[in-house]
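# Summary of the model geometry
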Amino acid sequence: MKKYIKAAIAVVFTVMTCIFGGMSAFAMGLGTAVWSIEIEYENAPEGTAFVDLLLPEKADDRYYPDPEAGKNNEKYSVCRNVYADYIGRGNSDPIALDDSCGLAVYDDGYTSCMLKRYFVKYNHADKDKCSLEFSVPSNVQNQEVFEYYGRFKVAYCNEKGEVLGVTEPVKVKHVSTTCLYKVKASGNKAEYNRRQGRLRIYSIVRNGADIWRPCSDSPRYRAYNIPLRKK
């Protein structure tokens with residue numbers, strides 16, 4: 001019987017930790033999307049191959065890369081490759097960006113997310129969408145980025161990494177709930193929307209039997225009783 005009591009205590013402890021310690025975005029049903037930023041775009045300048053976020057410069061920016069951090073540290077490097085299969089620049093021949101390209105040197109008070117911050121590792125580009133992918137897992141999440149900087153622009157770039165156009169800045173409104181920010185750009189305008197997280201508690205299995213069953217995606221969730229069996 002002791003083992004079932006211990007299991008019950010572990011589950012209760014986990015639930016209380018989630019409630020009082022803060023539910024992570026992953027557990028809130030947002031999955032690995034918290035480690036990426038999606039940008040949809042249309043009405044782009046002719047020759048646009050991909051887009052990037054431009055973020056305002058900050059003194060002592062916590063997301064600046066650290067070349068002395070060591071190669072195994074997430075902060076060591078920046079994103080230099082854009083994988084754009086739709087124009088034949090996929091895994092075997094990605095768009096490679098160096099420190100002299102237009103995006104790397106662009107600075108109007110806003111600078112490149114890919115080349116001036118460490119958390120983006122890949123840019124997967126399509127003809128009307130780009131996904132800035134972080135490490136999985138990463139110590140940085142989508143919501144943190146937008147709410148830390150508070151503003152952003154979108155830069156349209158060609159295959160050489162030259163900046164063809166930039167949107168007007170967008171101000172981000174902070175929210176108290178866990179969410180995922182997605183960006184959409186059209187011409188010189190950009191906007192964002194938020195996908196709210198929903199509480200999910202996943203099944204915990206012990207000795208082949210569920211002792212904690214999945215809760216509904218609904219904000220009104222319910223938990224099932226934990227059976228305590230006699231030995």
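Up top you'll find the structure we're talking about.
Definitions and limits used
- Residues numbered from 1 in each chain as written.
- Predicted model: local features only at pLDDT ≥ 70, side-chain atom pairs only at ≥ 80, totals over all residues.
- Heavy atoms only, no water.
- Buried < 20%, exposed > 50% of the residue type's maximum accessible area, 1.4 Å probe, protein only.
- Helix = DSSP H or I, 4+ residues; strand = E, 2+ residues; numbered from the N terminus.
- Pairing = 2+ DSSP bridges.
- Polar contact = N/O pair within 3.5 Å; in protein donor to acceptor, adjacent residues only side chain to side chain.
- Contact = heavy atoms within 4.5 Å.
- Phe/Tyr/Trp six-rings, centres within 6.5 Å; stacked < 30°, edge-to-face > 60°.
- Lys NZ or Arg CZ within 6 Å of the ring centre and 35° of its normal.
- Disulfide = S-S within 2.5 Å.

The next subject is the pairing of strand β2 (residues 50-56). When you tally the buried positions in β2, you get seven out of seven residues, the bulk of the element. Here β2 shows two buried faces, one formed by Phe-50, Asp-52, Leu-54 and Pro-56 and the other by Val-51, Leu-53 and Leu-55. Note: β2 against strand β8 (residues 151-157), five bridges, orientation antiparallel. Bridging from a neighbouring strand, Leu-53 pairs with Val-154 of β8. With three bridges joining them, β2 and strand β5 (residues 110-112) adopt antiparallel strand pairing. Its bridge partner lying in β5, Leu-54 is registered against Ser-112.

Attention now moves to the side chain of Arg-117. Relative to the assigned elements, Arg-117 resides in the loop between α4 (113-116) and β6 (120-125). Here the side chain of Arg-117 touches Leu-55 through a polar contact of 3.4 Å, landing on its backbone oxygen. Polar contacts involving the side chain of Arg-117 include one to the side chain of Tyr-149, which spans 3.1 Å. Every residue in contact with Arg-117, bar those within four places of it in the chain, is listed here: Leu-55, Pro-56, Glu-57, Asp-61, Tyr-63, Tyr-64, Pro-65, Val-78, Thr-111, Ser-112 and Tyr-149.

Before going further, it helps to examine the packing of aromatic side chains. The full count for this structure, using the stated rule, is 13 aromatic pairs. Between Tyr-63 and Tyr-149, the aromatic rings sit 6.1 Å apart at their centres with planes inclined by 40 degrees, giving tilted as the arrangement. With Tyr-63 in the loop between β2 and β3 (81-83) and Tyr-149 in helix α5 (residues 142-149), this pair connects stretches of sequence that are 86 residues apart. No difference in accessibility class separates Tyr-63 from Tyr-149, as the two residues are buried. Considering the side-chain rings of Tyr-118 and Phe-119, the 6.3 Å spacing of their centres and the 75 degrees angle between planes classify their relative orientation as edge-to-face. Take Tyr-118: its relative accessible area is 2%, and that puts it in the buried class. Sitting over the ring of Tyr-148, Lys-58 keeps its end group 4.6 Å from the ring centre.

This part is about the state of the cysteines. Under the defined criterion, the tally for this structure stands at zero disulfides. No disulfide involves Cys-79; its sulfur sits 8.8 Å from that of Cys-113, the nearest cysteine. Cysteine Cys-101 shares no disulfide, and the gap to the nearest cysteine sulfur, in Cys-157, comes to 7.6 Å.

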